[in-house]
Amino acid sequence: VSGTLDASTQGPGQSGGMIKVLGGMQNGTVNVSGTLNASAPNGGNGGFIETSAAHVQVADSARITTAAPLGRTGTWLIDPHDYTIASTSGDITGAALSTQLGSNNVTISSSAGGSGVNGDVNVNDGVNWNANTLTLTAANNVNVNAVMTMSGSASPTGANASLALNPATANGADAAVSTGTVVMGRNSSGNFTGRVDFSGSGRITISGIPYNVIYSVGVAGDTGAMTLQGIQNNLTGSYALGSNMDATATSTWNSGAGFAPIGSYNYTTNIGTPFT
């Protein structure tokens, strides 16, 4: 696709259409350097775009959009075998993916099968976005070997940037692989070369479990659930640390008692004496 495929809407309130560019799933390749447009510029929701083949190559010049300024952004599905985000010799550059996330929710879903195919999704180049959702679903491993940065700038629908990482599980749809892992790459010194950075109220989902990302200590008696102190208000939630925290200010909280415990748990010892 070096030209334009247009399934956008013109009338107010109408949703974008559907575009599918499909190649052979054994050895075929889909090359996209032109425009795929399933947007809804005058109201309604964005449409759906799929690019599927054994190999899907997306050029920096490509323009993919399911944007909906007055509705919900649509989805672009990339469905290959192994898939690599890299500055060179990959399937899409980090810069190109970052740009496409400005106007799409992007799902990359790898599949296993065939000689030399692992079913991995490899992030080898930095990706930065401030709205919409990036979903990486692997038939095997999701390998993060570069920095992925989500900021909290809201999209027109009010949704912040978010990330979902889904490695294969024993109950996964791809029977060729029984289990998979999210792998954060390290260099020879043991430092992480792959990580996820947050600079706003982002959200991350791993294997279907949503994590609230915590950026600040909060305040004494915090009534929310998006700060370290606020975790006490939702003890059944899952949380991830989004930034370093300086807790010096907590020394004056609660009449000098300091930071309140996040939660408490009542249980009984093996001789039947209850305590907290």
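Keep in mind that this is a model prediction, so the values were computed, not measured. (Residues numbered from 1 in each chain as written. Predicted model: local features only at pLDDT ≥ 70, side-chain atom pairs only at ≥ 80, totals over all residues. Heavy atoms only, no water.)

Chemist: Just give me the short version of the overall build of the chain, but keep the residues and values in it.
Modeler: Across its full length, the chain carries two helices and 23 strands. Of the contacts made within the chain by residues no fewer than 6 positions apart, 65% connect residues no fewer than 24 positions apart. Carbon and sulfur atoms provide 50% of the accessible area of the chain, an area that totals close to 13200 Å². (Helix = DSSP H or I, 4+ residues; strand = E, 2+ residues; numbered from the N terminus. Contact = heavy atoms within 4.5 Å. Areas by Shrake-Rupley, 256 points an atom, 1.4 Å probe, with all protein chains shown as cover.)

Chemist: Lay out the pairing of strand β3 (residues 29-32) in plain terms, naming residues and giving numbers.
Modeler: Burial of the side chains of β3 is restricted to one face: Val30 and Val32 are buried, whereas none of Thr29 and Asn31 on the reverse face is. Pairing of β3 with strand β6 (residues 55-58), which is carried by four bridges, proceeds in the parallel orientation. Its bridge partner lying in β6, Asn31 is registered against Gln57. (Buried < 20%, exposed > 50% of the residue type's maximum accessible area, 1.4 Å probe, protein only. Pairing = 2+ DSSP bridges.)

Chemist: I'd like a rundown of the sheet that holds strand β4 (residues 35-37), residues and numbers included.
Modeler: Across the sheet, which stays open at both edges, the three strands sit in the order β1-β4-β7 with parallel pairing between neighbours. With one partner strand each, in any of the chains shown, β1 (4-6) and β7 (63-65) form the two edges of the open sheet. Shown here is a sheet whose adjacent strand axes are inclined to one another by a mean of 5 degrees, direction ignored. In this sheet, β7 lies alongside β4 in parallel orientation, the contact comprising three bridges. Residue pairing in the sheet places Thr35 in a bridge with Arg63 of β7. (Axes fitted to C-alpha atoms, helices over the stretch in contact; angles between N-to-C directions.)

Chemist: Give a detailed account of the pattern of salt bridges, specifying residues and quantitative values.
Modeler: If you walk through the whole model with that rule in mind, you get one salt bridge. Among the salt bridges present, the one from Lys20 reaches Glu50, with a minimum N-O distance of 3.9 Å. One end of the pair, Lys20, is in strand β2 (residues 18-22); the other, Glu50, is in strand β5 (residues 48-52), with 30 residues separating them in the sequence. Judged by relative accessible area, Glu50 falls into the buried class, the value being 11%. (Salt bridge = Lys/Arg side-chain N within 4 Å of Asp/Glu carboxyl O.)

Chemist: Could you give an account of the packing of aromatic side chains, with specific residues and numbers?
Modeler: Here the structure, examined in full by the defined rule, presents one aromatic pair. Aromatic side chains Trp253 and Phe259 sit 6.1 Å apart centroid to centroid with 25 degrees between the ring planes, which places their arrangement in the stacked category. (Phe/Tyr/Trp six-rings, centres within 6.5 Å; stacked < 30°, edge-to-face > 60°.)

Chemist: Could you give an account of the side chain of Thr227, with specific residues and numbers?
Modeler: Looking at where Thr227 falls in the secondary structure, it is placed in the loop between β20 (209-214) and β21 (239-241). Within the structure, the side chain of Thr227 is placed 2.7 Å from the side chain of Asp222, a separation counted as a polar contact. With residues near it in sequence (within four places) discarded, Thr227 still touches Ile214, Ser216, Val217, Gly218 and Asp222. (Polar contact = N/O pair within 3.5 Å; in protein donor to acceptor, adjacent residues only side chain to side chain.)

Chemist: Break down unusual backbone geometry for me, citing the residues and quoting the values.
Modeler: One non-glycine residue, Asn132, adopts positive backbone phi at about 75 degrees. Along the chain, Asn132 turns up in the loop between β12 (127-129) and β13 (133-137). Positive phi outside glycine occurs at Ser255, with the angle close to 60 degrees. Exposure remark for Ser255: the relative accessible area of 83% places this residue in the exposed category.

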